[in-house]
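Chain by chain, the residues:
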Amino acid sequence: QVQLAESGGGLVQPGGSLRLSCAASGSISRINDMGWYRQAPGKQRELVATIFTGGSTNYADSVKGRCTISRDDAKNTVYLQMNNLKPEDTAVYYCNANLIPTGGILRRAYWGQGTQVTVAS
């Protein structure tokens, strides 16, 4: 059984910062890429940032220069540092990990339960 547990969401004023964390636990053989997605009310879920094995990263244009994704492989944890937050960043943020569970062969995607980020004055 594999679980992803997110933390760090909340209410912040425009221009503020938040740091999201997501820890993967359970029977994990290997984690490949990890990332963050978000879904605002009435909109489709969209990619925010991804970090691959080896450390290369990919960001949505809307967050480039304001967000930094990082990972700690020893802790199976991915982080998203978000700075200069804007009201349009308000959404539920979901952690994603593409991994191979213990005893498995194929990589599959796992999702966290989501954490709310609200940017408002």
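Residues numbered from 1 in each chain as written. Predicted model: local features only at pLDDT ≥ 70, side-chain atom pairs only at ≥ 80, totals over all residues. Heavy atoms only, no water.

**Some points on unusual backbone geometry**
Link 1 in the chain: A positive phi angle, close to 50 degrees, is found at Asn76, a residue other than glycine.
Link 2 in the chain: The backbone of Asn84 sits at a positive phi, close to 45 degrees, despite the residue not being glycine.
Link 3 in the chain: Relative to the helices and strands, Asn84 is located in the loop between β8 (77-82) and β9 (91-101).
Link 4 in the chain: Under the relative-accessibility criterion, Asn84 is labelled partly exposed at 42%. (Helix = DSSP H or I, 4+ residues; strand = E, 2+ residues; numbered from the N terminus. Buried < 20%, exposed > 50% of the residue type's maximum accessible area, 1.4 Å probe, protein only.)

**What to know about the pattern of salt bridges**
Link 1 in the chain: Under the criterion given, the structure shown has 6 salt bridges.
Link 2 in the chain: Put simply, Arg107 and Asp33 hold a salt bridge, and the shortest N to O gap is 3.8 Å. Here Arg107, found in the loop between β9 and β10 (108-111), pairs with Asp33, found in strand β4 (residues 28-39); they are 74 residues apart in sequence, far enough to count as distant.
Link 3 in the chain: Classification of Asp33 as buried rests on a relative accessible area of 13%.
Link 4 in the chain: A single salt-bridge network, built from bridges that share partners, covers Arg38, Glu46, Arg66 and Asp89. (Salt bridge = Lys/Arg side-chain N within 4 Å of Asp/Glu carboxyl O.)

**Describing the environment of Met34**
Link 1 in the chain: The residue Met34 is located in strand β4 in this model.
Link 2 in the chain: Along the backbone, Met34 and Leu99 are 65 residues apart, and their C-alpha atoms lie at a distance of 8.6 Å.
Link 3 in the chain: Sequence-distant contacts of Met34, defined by excluding residues within four places in its chain, comprise Cys22, Ala49, Thr50, Ile51, Ile69, Arg71, Asn76, Thr77, Val78, Asn96 and Ala97. (Contact = heavy atoms within 4.5 Å.)

**Observations concerning the packing of aromatic side chains**
Link 1 in the chain: The full count for this structure, using the stated rule, is 1 aromatic pair.
Link 2 in the chain: Seen in terms of ring centroids, Tyr37 and Trp111 are 5.0 Å apart; in terms of plane orientation they differ by 65 degrees. Their pairing is edge-to-face. You can see Tyr37 sitting in strand β4 and its partner Trp111 sitting in strand β10, a full 74 residues away along the chain.
Link 3 in the chain: On the basis of relative accessibility, which here comes to 23%, the residue Tyr37 falls in the partly exposed class.
Link 4 in the chain: Stacked on the ring of Tyr94, the Lys or Arg Arg45 has its end atom at 3.7 Å from the ring centre. (Phe/Tyr/Trp six-rings, centres within 6.5 Å; stacked < 30°, edge-to-face > 60°. Lys NZ or Arg CZ within 6 Å of the ring centre and 35° of its normal.)

**A short note on the sheet that holds strand β7 (residues 67-72)**
Link 1 in the chain: Ordered in space as β1-β3-β8-β7, the 4 strands form an open sheet in which the pairing is antiparallel. Two strands bound the open sheet, and with one partner strand each, they are β1 (2-7) and β7. Averaged over all pairs of adjacent strands, the angle between strand axes in this sheet comes to 15 degrees, irrespective of strand direction.
Link 2 in the chain: Bridging between β7 and β8 involves 6 bridges; their strand directions are antiparallel. Bridging from a neighbouring strand, Cys67 pairs with Met82 of β8. (Pairing = 2+ DSSP bridges. Axes fitted to C-alpha atoms, helices over the stretch in contact; angles between N-to-C directions.)

**A few points about the nonpolar core**
Link 1 in the chain: Counting residues in each nonpolar core, the largest one holds 32 residues, and the members touching the most others are Trp36, Ile69, Val78, Leu80, Met82 and Tyr93.
Link 2 in the chain: No other element matches the 5 residues that β9 contributes to this core.
Link 3 in the chain: Residues contacting Leu80, with those up to four places away along its chain left out, are Leu18, Arg19, Leu20, Trp36, Val48, Ala49, Cys67, Thr68, Ile69 and Tyr93. (Core = buried A, V, L, I, M, F, W, Y, C linked by side-chain atoms within 4.5 Å.)

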